[in-house]
Amino acid sequence: GSLDPLTVPKYVTPLVIPPVMKNTGTANDYDIAVRQFRQQILPGGIWNTLNGRADTFKATTVWSYGPAGDPMPNSKSLGGGNGIAPAPNSQFNYPAYTVENTVNTPTTVDWINGLKENFGAGPNFLPHLLPVDQTLHWANPGADCISGALKTDCRGFDLLPYTGPVPIVTHVHGAHSDPESDGYAEAWWLPDPTGSNFSCVTDPAQATGNNYVCTGTLANKYGAGRENTNVGGRLGVGQFRYRNDQPSATVWYHDHALGMTRSNVYAGPAGFWLIRTAGGGETGLVSGTLPGPAPVYGETLATTNLPASLGGAREKYREIPIAIQDRSFDNNGSLFYPKNRAFFEGVGNGQLKINFIPQSDISPIWNPEFFGNMMVVNGTTWPQQGVAQALYRFRLLNGCNSRFLNLSMFVVNPDGTLGGEVSFYQIGAEQSLLPNVVNISTGLKTTICKNSVAPCTAPSTTVVTPTDPQEALLMGLAERADVIVDFRGLANGTVVRMINTAPDAPFGGFPDTPADEGTTGQVMQFVVNSALNGKSPTDPVLADGSTPNPNAATPPSLLVLSLVDPAQYAAGSSRTRDLALLEMESEQVCVVVSPTGVIKQLTQVLPGPNFLADCTAAGGVPFAPREATLGKDGSTTPVPTMWSDDVVTNPALNATETWELWNYTADAHPIHLHEIKFKVVNRQVFGDSPRPPEPTEAAWKDSVIAYPGEVTRVKATFDIPGLYVWHCHIVEHEDNEMMVPYCVGSPTANGCQNVTIVPGS
């Protein structure tokens, strides 16, 4: 992007504390739309009102979710402008507001595709903010399949970016959902075409010009009475129902449209979906009080984000969800995302001299990974948060596209250098609390033993697990870490900075080159302010600063947690699946790199059975990567499985299986399974002995890091019948074949009837 990250001041904007999303007026029922608006992500605008600065960075056009009845954001009263969030009049915001849920109480959401002009009012559709590669296996509403098939959800042949109406389908990541409400990648829909500049057709043969197929291949194909789009004749709407019949958890929601998740999510639509027990508690918490409060329903943006001096109450919150993402920008404030494959190769577009699809097997726009050059936390670059001398609970989310995070906290000395480290106390992962608190500092994980769950054994009180000297709180893409940070012993005015030492590049394990210290190596910072003491009922002292608070949050070392559902967690497996993670190189494009850096195709090397030998003999190498894939037979001779291949994974209903993920690539991959929660069993370097999971993986999980050259084993019970997917959550990988379907139970029902399942799988 043209905006130099070193010109953007850090720690001049506040951390935005997301309020709770409004319902329709009926509890647990929501109408949530995706719309386009602008937001002050960079310093300037409304932030100048709060910090007294005069920054002039422009607002950024984004997409995100909000209550369908809310108007366009208007922050003029705060020094912003009409159409610019955050705004007091509208809950449309990036990231989206939090949806609060209760265990065993279902939630219904009408997800509305509002990507039309005039904040969804139309008449015309809005094209994508970012380049969409039509040569991937993608949603393809124009049904222009390279194979000649008349269908959507196929690989196209047009080298230019897609400019039509945008497909969306929302996935609540970590929800225990029926298949029609899971956000299956082929169950997308377009905006309501009424009065717009496009029309909907049901026959793909008629999808020409401004005629599009307006729902995906799997929309409304889960069985009688299980329609999930255009319910009740409401065009451009998907109606989903979520069971919430799972332990309390830090869940999140984001778009999941086939072949364009990277583009849609980068544009903005994502938010937290928190599940609590009735009364607001946590499943499995035996004793102790967690830091609070968190924002609750009915509190406004002003309440959660303005100080008391301006009519708000942001000083009271001790539980805060924190979504960390990386982004790049152009000088006009717009989001930057690469427009061609040459970006990943580190050359100009004219220096990548190769043939693309349909003249080869290489896509022209898709980038294998993308790393932004600025850190954005809860919708602002490098924010700052004032904290009391108290305990805080942070629900951390790695919401990046490709970037792993390795987080740690350090006191900032007066000269700007980093001083002593401030630990994270991890109390939970994606799908449950941990059985024991884990104190995480760089190079060490110390389990505070309260339950006899590995690595704890009586009569130990702590078990110290050394890690790589560089490893701190490592988070793969889409992983969540529920942590407590203890600011009680720090002096008034102390600055504590969250830093990131994962690489600005694909991650394959430690040691590795840390992120740039001046930009993506910094995330956000906290400033200890004793004037905030006693603003929360869980603070150690009352507001007068002297009286001990008998209801104070328990110190992290005394929290007692329990493992959820121990019988299921310890259950044996009825089957072990032999799976693979693979990276594919071109079978048609052989290249050499010239002394001037030009990557040039050797056109004399032709596709065919001798391609690799001919390429080597000509002094070239196959262009790579072409795509990343999942596969089978990982322990022997791995076989790639593509999105459109027959389904090879069909667990029986209520079967407990162990999946072995054999990683033959150079990258670590964060693997996510839809519908279920799982246990990490162990990891094993190829040819070596298994090693136990990390202490921070002793909770229920839904995402796991699979390291290169290793097999990672996870165990799950598949208890809802239907068609789901599993995939890498590096969304660039997911969008280009590193995602495949799997069917639970009967292959002739619940959506599984719409795919071909290999017998005996």
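I will try to describe carefully the structure that is included in this document. What you see is a predicted model; the values in this text were computed from it and never measured.

Right, let's talk about the overall build of the protein for a bit. Scanning the protein from N- to C-terminus turns up seven helices and 45 strands. Against the compact-globule benchmark of 27 Å for 761 residues, the protein has a radius of gyration of 25 Å, which places it among compact chains. Over its C-alpha atoms, taken along the principal directions, the protein stretches across nearly 80 × 60 × 60 Å. Within the span of the protein, comprising 761 residues, buried residues form 61% of the whole. Counted over contacts in the protein with a minimum sequence separation of 6, partners at least 24 positions apart contribute 75%. A total accessible area of about 25,200 Å² is found for the protein, and carbon and sulfur atoms account for 53% of it.

Attention shifts here to the pattern of salt bridges. This structure, assessed with the given rule, holds 35 salt bridges. Between Asp31 and Arg234 there is a salt bridge; the shortest N-O distance is 3.8 Å. Taken as a pair, Asp31 in strand β1 (residues 29-39) and Arg234 in the loop between β10 (211-213) and β11 (237-242) lie far apart in primary sequence, 203 residues in all. Classification of Asp31 as partly exposed rests on a relative accessible area of 24%. The partly exposed category is assigned to Arg234, whose relative accessible area is 34%. Across the pair Glu737 and Arg155 runs a salt bridge, and its minimum N-O distance is 3.5 Å. Taken together, the residues Glu737 in the loop between α7 (731-735) and β45 (739-744) and Arg155 in strand β7 (residues 154-155) connect sequence positions 582 residues apart. Put simply, Glu100, Arg276, Glu282, Glu319, Arg393, Arg395 and Asp482 are held in one network by salt bridges that share partners.

This brings us to the pairing of strand β42 (residues 703-706). Burial along β42 is two-sided: Ser703 and Ile705 and Val704 and Ala706, pointing in opposite directions, are all buried. By the bridge criterion, four bridges tie strand β40 (residues 669-673) to β42 in an arrangement that is antiparallel. Bridge pairing in β42 places Pro670 opposite Ile705.

Right, let's talk about the sheet that holds strand β17 (residues 352-353) for a bit. If you walk across this open sheet you meet the four strands as β17-β35-β34-β36, and the pairing is mixed. Pairing within the sheet leaves two strands with one partner each, and these edge strands are β17 and β36 (621-622). As paired elements, strand β34 (residues 590-593) and strand β35 (residues 599-601) share three bridges and run antiparallel to each other. Residue pairing for β35: Val593 is matched across the bridge by Ile599.

The next subject is the sheet that holds strand β39 (residues 655-663). In spatial order, the strands read β38-β37-β33-β39-β43-β41; together these six strands make up an open sheet with mixed pairing. Each edge of the open sheet is held by one strand with a lone partner, namely β38 (639-641) and β41 (678-685). Geometrically, the sheet is characterised by an average inter-axis angle of 30 degrees between neighbouring strands, direction not taken into account.

Moving on, we get to the state of the cysteines. Scanning the model with the defined rule gives five disulfides in all. Through a disulfide, Cys145 is tied to Cys154; the S-S separation comes to 2.0 Å. Between Cys145 and Cys154, the S-S dihedral sits near -85 degrees, and the bridge is therefore left-handed. Since its relative accessible area comes to 5%, Cys145 is described here as buried. Free cysteine Cys400: the closest other cysteine sulfur is in Cys728, separated by 13 Å.

So, on to the pairing of strand β43 (residues 710-718). Taken residue by residue, a regular strand's side chains alternate between the two faces of the sheet. Burial analysis of β43 places nine of its nine residues in the buried class, which makes it a mostly covered element. Neither face of β43 is open: one carries Glu710, Thr712, Val714, Ala716 and Phe718, the other Val711, Arg713, Lys715 and Thr717, and all of them are buried. Where β39 lies against β43, eight bridges are found, and the strand directions are antiparallel. Note that in β43 the partner of Ala655 across the bridge is Phe718. Where β41 lies against β43, seven bridges are found, and the strand directions are antiparallel.

What follows is about the side chain of Thr13. With respect to the secondary-structure elements, Thr13 resides in the segment before β1. Only 3.4 Å separates the side chain of Thr13 from the backbone oxygen of Thr381, close enough to count as a polar contact.

As a further point, take unusual backbone geometry. Cis geometry marks the peptide bond from Ile357 to Pro358, where omega comes out at 10 degrees. Locating Pro358 in the fold gives a position in the loop between β17 and β18 (374-377). For Asn230, which is not glycine, the phi torsion reads 55 degrees and is therefore positive. By the element assignment, Asn230 lies in the loop between β10 and β11. Backbone geometry places Asp633, a non-glycine residue, at a positive phi of 55 degrees. Of note, Asp633 is situated in the loop between β37 (627-632) and β38. Under the relative-accessibility criterion, Asp633 is labelled partly exposed at 30%.

Applying the stated rule across the entire model yields 35 aromatic pairs. Taking the centre distance of 5.0 Å and the plane angle of 50 degrees together, the rings of Tyr65 and Tyr253 count as tilted. Here Tyr65 is found in strand β2 (residues 60-67), whereas its partner Tyr253 is found in strand β12 (residues 249-255), with 188 residues between them in sequence. Aromatic pair Phe336 and Phe343: ring centres 5.6 Å apart, planes at 50 degrees, arrangement tilted. Chaining the aromatic ring pairs together yields one cluster made of Tyr65, Trp111, Trp189, Phe240, Tyr242, Tyr253 and Trp273.

On to the side chain of Ser703, then. Checked against the element boundaries, Ser703 lands in strand β42. A polar side-chain atom of Ser703 sits 2.9 Å from a polar atom in the side chain of Asp702.

Further remarks concern the environment of Pro204. Residue placement: Pro204 occurs in the loop between β9 (199-201) and β10. Those residues in contact with Pro204 that sit more than four places away from it in its chain are Ala143, Leu150, Lys151 and Val213.

Quick look at the environment of Ser328 now. When you line up the elements, Ser328 lands in strand β15 (residues 319-329). Each C-alpha atom, one on Ser328 and one on Leu42, is 11 Å from the other, the two residues being 286 residues apart in sequence. If near-sequence neighbours (up to four positions away) are discounted, Ser328 is found in contact with Tyr266, Ser334, Leu335, Phe336, Phe370, Phe371, Gly372 and Asn373.

With that settled, consider the nonpolar core. If you look at the biggest cluster of nonpolar residues, it comprises 141 residues, and the most contacted ones within it are Trp111, Phe487 and Trp726. The residues contacting Trp726, other than those within four sequence positions of it, are Leu579, Leu581, Leu630, Trp659, Leu661, Ile671, His672, Leu673, Met739, Val740 and Tyr742. Core analysis: the second largest hydrophobic core is formed by 14 residues, Ala187, Trp643, Val647 and Cys743 among them.

Of note, Met409 is situated in strand β22 (residues 405-412). Note: C-alpha distance between Met409 and Arg497 (88 residues apart in sequence) is 5.5 Å. Those residues in contact with Met409 that lie beyond four places of it in its chain are Gly420, Glu421, Val422, Phe424, Val485, Phe487, Val496, Arg497, Met498 and Phe526.

The rules behind the values
Residues numbered from 1 in each chain as written. Predicted model: local features only at pLDDT ≥ 70, side-chain atom pairs only at ≥ 80, totals over all residues. Heavy atoms only, no water. Helix = DSSP H or I, 4+ residues; strand = E, 2+ residues; numbered from the N terminus. Rg over C-alpha atoms; globule rule 2.2 N^0.38 Å. Buried < 20%, exposed > 50% of the residue type's maximum accessible area, 1.4 Å probe, protein only. Contact = heavy atoms within 4.5 Å. Areas by Shrake-Rupley, 256 points an atom, 1.4 Å probe, with all protein chains shown as cover. Salt bridge = Lys/Arg side-chain N within 4 Å of Asp/Glu carboxyl O. Pairing = 2+ DSSP bridges. Axes fitted to C-alpha atoms, helices over the stretch in contact; angles between N-to-C directions. Disulfide = S-S within 2.5 Å. Polar contact = N/O pair within 3.5 Å; in protein donor to acceptor, adjacent residues only side chain to side chain. Phe/Tyr/Trp six-rings, centres within 6.5 Å; stacked < 30°, edge-to-face > 60°. Core = buried A, V, L, I, M, F, W, Y, C linked by side-chain atoms within 4.5 Å.

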